[in-house]
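The primary structure of each chain is shown beneath.
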Amino acid sequence: MATKCCGHWPSVTSALNAGQTAQQQTLESHELVVVKQWTAVGDDDSRETHSTVDRQRVKGSEGLFNVGGYEALFPGDGNLPGHERISCRCGMLTDAI
C-alpha cells in the first residue's frame, strides 16, 4: 500500500516526478498547442484532492491545475507542497489541438 504523504518512498517519488518533469519540458520545447488532462489513480489510496482534480483539463503547456488550492503544471510538480507531491501516482494525458 502506497503512503498518502511523508517520505516513505523518496526514490519512487523522485523517479515519478522526474518523468512528469521530462514530459512537461518536452511540451514546452515544442510549439504545439496542447490540452493537458490530470489522471488520478482513483483507488482507496488516492488523495481526495487528487481525485477532485481527476479529468481536469487545462489549455497550453503552461496551463495550471488546481490541486487542493495549489497550482501545478503537472502531477508531482516541485511547486506543490510535500503532502500533495510525495508518492503521487497520478498521470497526465496530453492532446495536441
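All values reported here derive from a predicted model rather than from experimental measurement. (Residues numbered from 1 in each chain as written. Predicted model: local features only at pLDDT ≥ 70, side-chain atom pairs only at ≥ 80, totals over all residues. Heavy atoms only, no water.)

### Regarding the side chain of Ser46
- Positionally, Ser46 belongs in the loop between strand 1 (34-39) and helix 2 (48-53).
- A distance of 2.9 Å separates the side chain of Ser46 from the backbone nitrogen of Gly42, its partner in a polar contact.
- Ignoring any residue separated from it by four or fewer positions in sequence, one finds Ser46 in contact with Val41, Ser51 and Arg89. (Helix = DSSP H or I, 4+ residues; strand = E, 2+ residues; numbered from the N terminus. Polar contact = N/O pair within 3.5 Å; in protein donor to acceptor, adjacent residues only side chain to side chain. Contact = heavy atoms within 4.5 Å.)

### Structural notes on the state of the cysteines
- For the coordinates displayed, the defined rule picks out zero disulfides.
- Lacking any disulfide linkage, Cys88 is separated from the closest cysteine sulfur, that of Cys90, by 3.8 Å.
- For Cys88, a relative accessible area of 4% corresponds to the buried category.
- With a relative accessible area of 10%, Cys90 lands in the buried category. (Disulfide = S-S within 2.5 Å. Buried < 20%, exposed > 50% of the residue type's maximum accessible area, 1.4 Å probe, protein only.)

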